[in-house]
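Listed below are the residues making up each chain.
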Amino acid sequence: MHLENIGGPIHLHTSVTELQLASLPGDLTLNSDDLRVTEAKGEVRVTTHAKDVDLSQIYGDTFVDDKPRPDLG
């Protein structure tokens, strides 16, 4: 998924990722292995499982919880 230039709040919920952004003047890319956000304003909250998280140019409070992948054994 790729999003860019969103002026309002974003709330995204998938089976392994929950993401909240106040606004996204930049861009966001989310795939099975990676989450990348470049330029977000306001609070950014990310809860995910075993993803490479890359946040840059964040202008606000940031919370990231990247949990290990659940043991399926």
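It should be noted that the structure appears before, not after, this text.
Cut-offs used in this document
Residues numbered from 1 in each chain as written. Predicted model: local features only at pLDDT ≥ 70, side-chain atom pairs only at ≥ 80, totals over all residues. Heavy atoms only, no water. Helix = DSSP H or I, 4+ residues; strand = E, 2+ residues; numbered from the N terminus. Rg over C-alpha atoms; globule rule 2.2 N^0.38 Å. Buried < 20%, exposed > 50% of the residue type's maximum accessible area, 1.4 Å probe, protein only. Contact = heavy atoms within 4.5 Å. Areas by Shrake-Rupley, 256 points an atom, 1.4 Å probe, with all protein chains shown as cover. Lys, Arg positive; Asp, Glu negative; His and termini not counted. Charge placed at Lys NZ, Arg CZ, Asp CG, Glu CD. Patch = residues over 30% accessible without salt bridge, like charges linked within 9 Å, V, L, I, M, F, W, Y side chains within 5 Å. Salt bridge = Lys/Arg side-chain N within 4 Å of Asp/Glu carboxyl O. Polar contact = N/O pair within 3.5 Å; in protein donor to acceptor, adjacent residues only side chain to side chain.

Draft legend 1. Here's a closer look at the overall build of the chain. Helices and strands together make up the secondary structure of the chain, namely zero helices and six strands. Mapped in sequence order, the helices and strands of the chain form the string β-β-β-β-β-β. Taking 11 Å as the expected radius of gyration for a compact globule of 73 residues, we find that the chain reaches 12 Å, a close match to that expectation. Considering only C-alpha atoms, the chain reaches an extent of 40 × 25 × 20 Å along its principal axes. By the burial criterion, 27% of the 73 residues in the chain qualify as buried. Long-range contacts, defined as pairs at least 24 residues apart, comprise 16% of the intrachain contacts of the chain with a sequence gap of at least 6. Carbon and sulfur atoms form 48% of the exposed surface of the chain, whose accessible area is close to 4,500 Å². Measuring between centres, the 6 positive side-chain charges of the chain sit 2 Å from its 13 negative side-chain charges.

Draft legend 2. Representation of a negative patch on the surface. On the surface, D33, D34, D52, D54 and D66 cluster together into a negatively charged patch. Assignment of secondary structure puts D54 in strand 5 (residues 52-59).

Draft legend 3. Representation of the side chain of D27 within the structure. Relative to the assigned elements, D27 resides in strand 3 (residues 17-30). Residue D27 is classed as buried on the basis of its relative accessible area of 18%. At 3.0 Å, the side chain of D27 forms a polar contact with the side chain of R36. Apart from residues lying up to four places away in sequence, D27 is in contact with H2, L3, E4, R36, V37, T38 and E39.

Draft legend 4. Fine view of the environment of H2. With respect to the helices and strands, the residue H2 is situated in strand 1 (residues 2-6). Classification of H2 by relative accessible area gives partly exposed; the value is 42%. The spacing of H2 and L12 is ten residues in sequence and 12 Å in space, taken between C-alpha atoms. Residues within four places of H2 in sequence aside, it is in contact with D27, L28 and T29. Within the local environment of H2, its side chain forms a polar contact with the backbone oxygen of L28, the two atoms lying 3.3 Å apart. Engagement of the side chain of H2 in a polar contact is seen with the side chain of T29, the distance being 3.0 Å.

Read these as geometric descriptors, not functional statements.
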